[in-house]
Amino acid sequence: MNDSKWSDLSTRMSSAVVLLALFSVTLWLGPSGLLSLGFAGAIIMHWEMARMFGLSDRRTQVVMAMAAMGWLPMILFPAVAVNGLILPFVAGFLPVFIAAALTPKQRSVYIGYGIIITAGITAYWYITITLGSFGVLVLAVLVIMSDIGGYVFGRLVGGPKFWPSVSPKKTWSGTLAGWLLAATIGMYFSIYFNYMWTVPVSIIVVLGAQLGDIAESWVKRQVGVKDSSGLIPGHGGLLDRLDGFLGGAIIAGLFLNTYRVL
C-alpha cells in the first residue's frame, strides 16, 4: 500500500467527526436547526467564492452582507415561499450578482457557479421545509457514501481517470463505487417503503453529487486555487466539502418538486 495515498486520512477523519457531530445536533433540532445551518453555510460559501475570485476583504464583507440579507427572510419566514421556489432563488442571486460586478476576473465563471450554489441552497431549503430532518438525512447519507466510495476505491483500485482535465484525482473505480453504494441504499429504501423508483433516483442523486464535485474542481482550476479556503483541516473549505452536497441537493429537489406537483 502506498502510504502517500492515505497521508491525509487521519486529518480528514478528525474533521469529519467534528462536522458529523455538528450535523447530528442540527438534525436533532429539526427544520429550525437545519435552516440555521444552511443560512450560516450560505454566508461562508459566498465568502469563500469571493476570496477565490480575488475580491478584497472589504468587498468580500459586502458580498457576505448581501448573502445574509438575501437568505435571512427564508430562514425567518420559510412558509412564505413554501409553495413556490422563485422567491428564495431570486434572494440567493443577490450576493452572486453583487460579487460578479465587483470581481476583477472571470465574471461569467462566477455567475455560472453562483447559479449552482444558489440552486443547491434553494434545494436544501426546499427539502428541509417539505421533508424535514429525514429528507436531509437521506440526502446526506447518499452524498457521504458517494464521497467515501470515491475516496476509498479510488485509492485502493485506482485505474483510469473519470475526467482528468477537470478533476485529476477522480477515477472511474471511485465513481462506479459511488453508484453501487447509492443503488444499495436505494434498494434498502425500496424494500422499506415499497418504492422501486428509489434505486434509480438514488443513483441519479449521487451522479449529481459527483458532477457537483467536478464543477467546483473546474472552477478552482479556472481561478488557479487548490482549495476554496483552509477552513476545514484535511478537506479545504466548506465549498470543497459541500460541492457534492449542492449537486445532489439540486437533483433531489427537482425530483421532490416534480413528485409533489404530480
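Residues numbered from 1 in each chain as written. Predicted model: local features only at pLDDT ≥ 70, side-chain atom pairs only at ≥ 80, totals over all residues. Heavy atoms only, no water.

**Q** Help me understand the overall build of the chain, please; the structure alone is not making it clear to me.
**A** Of regular secondary structure, the chain possesses 8 helices and 2 strands. Secondary structure elements of the chain occur, N-terminal to C-terminal, as α-α-α-α-α-β-β-α-α-α. Taking all 262 residues of the chain together, the buried fraction comes to 47%. When contacts within the chain are restricted to residue pairs at least 6 apart in sequence, those whose partners lie at least 24 apart make up 71%. Accessible surface computed for the chain: about 13,100 Å², of which carbon and sulfur atoms make up 71%. (Helix = DSSP H or I, 4+ residues; strand = E, 2+ residues; numbered from the N terminus. Buried < 20%, exposed > 50% of the residue type's maximum accessible area, 1.4 Å probe, protein only. Contact = heavy atoms within 4.5 Å. Areas by Shrake-Rupley, 256 points an atom, 1.4 Å probe, with all protein chains shown as cover.)

**Q** Can you walk me through the pattern of salt bridges in this structure?
**A** Side-chain pairing between opposite charges can occur once the charged atoms of the two side chains come close. For the structure on display, the rule yields 3 salt bridges. With a shortest N-O distance of 2.9 Å, Asp240 and Lys220 are connected by a salt bridge. A residue pair is termed long-range when its members are at least 10 positions apart, and Asp240 in helix H8 (residues 238-261) and Lys220 in helix H7 (residues 198-223) qualify at 20 residues. Considered together, Asp240 and Lys220 belong to a single accessibility category, that of buried residues. Note that Lys226 and Asp227 form a salt bridge whose closest N and O atoms lie 3.7 Å from each other. Via salt bridges that share partners, Glu216, Lys220 and Asp240 belong to a single interconnected network. (Salt bridge = Lys/Arg side-chain N within 4 Å of Asp/Glu carboxyl O.)

**Q** Would you mind going over the packing of helix H2 (residues 31-52) against helix H3 (residues 57-76) with me for this structure?
**A** To describe two helices that pack against each other, one gives the angle between their axes and the distance between the axes. Axis separation between H2 and H3 bottoms out at 9 Å; the angle between their running directions is 155 degrees. By the criterion of interaxial angle, the relationship of H2 to H3 is roughly antiparallel. Remark: the crossing between H2 and H3 carries right-handed chirality. Side by side, H2 and H3 meet where Leu35, Ser36, Phe39, Ala42, Ile43, His46, Trp47, Ala50 and Arg51 of the first sit next to Thr60, Val63, Met64, Ala67, Ala68, Trp71, Leu72 and Ile75 of the second. (Axes fitted to C-alpha atoms, helices over the stretch in contact; angles between N-to-C directions. Parallel < 35°, antiparallel > 145°, perpendicular 65-115°, else oblique. Left-handed = near helix turned anticlockwise from the far one by under 90°.)

**Q** How should the confidence of the model for the chain be read in this particular structure?
**A** As a note on interpretation, predicted positions should not be read in detail where pLDDT is low. The predicted model of the chain has a mean per-residue pLDDT of 82, with 82% of residues at 70 or higher. The least confident element of the chain, judged by mean pLDDT, is strand S1 (residues 161-163) at 68; the most confident is H2 at 91. (pLDDT = per-residue confidence, 0-100.)

**Q** Is there a simple way to think about empty space enclosed by the protein in this case?
**A** The rolling of a water-molecule-sized probe over the atoms marks out the regions of remaining empty space. Throughout the structure, instances matching the rule amount to 1 cavity of 30 Å³ or more. Quantified by volume, the largest cavity comes out at close to 40 Å³. Together, Leu35, Gly38, Phe39, Trp71, Ile75, Ile121, Tyr124 and Trp125 line the largest cavity. (1 Å grid on protein atoms, 1.4 Å probe; cavity = no way out; pocket = protein on both sides within 12 Å on 5 of 7 lines; lining within 4 Å. Points joined across faces, edges and corners; volume = space filled by probe spheres on them.)

**Q** I keep staring at the nonpolar core and nothing clicks. Help me out?
**A** In summary, soluble globular proteins display a tendency toward joint burial of nonpolar side chains. If you look at the biggest cluster of nonpolar residues, it comprises 53 residues, and the most contacted ones within it are Phe53, Leu139 and Leu239. Of all elements in the fold, only helix H1 (9-29), H2, H3, helix H5 (107-156), helix H6 (172-193), H7 and H8 reach the threshold of two or more residues within this core. The leading source of residues in this core is H5, at 16 residues. If we skip the residues at most four places from it in the chain, Leu239 touches Met45, Glu48, Met49, Met52, Tyr113, Ile117, Glu216, Ser228 and Leu246. (Core = buried A, V, L, I, M, F, W, Y, C linked by side-chain atoms within 4.5 Å.)

**Q** How should I be thinking about the environment of Ile116 in this particular structure?
**A** Along the chain, Ile116 turns up in helix H5. A C-alpha to C-alpha distance of 9.3 Å links Ile116 and Asp243, two positions 127 residues apart in sequence.

**Q** Even after reading the chapter, I still don't get a nonpolar patch on the surface, so can you show me in this structure?
**A** The grouping of Val25, Trp28 and Leu29 at the surface amounts to a nonpolar patch, some 380 Å² of accessible area in total. Along the chain, Val25 turns up in helix H1. Here Val25 falls in the partly exposed class, since its relative accessible area comes to 46%. (Patch = residues over 30% accessible without salt bridge, like charges linked within 9 Å, V, L, I, M, F, W, Y side chains within 5 Å.)

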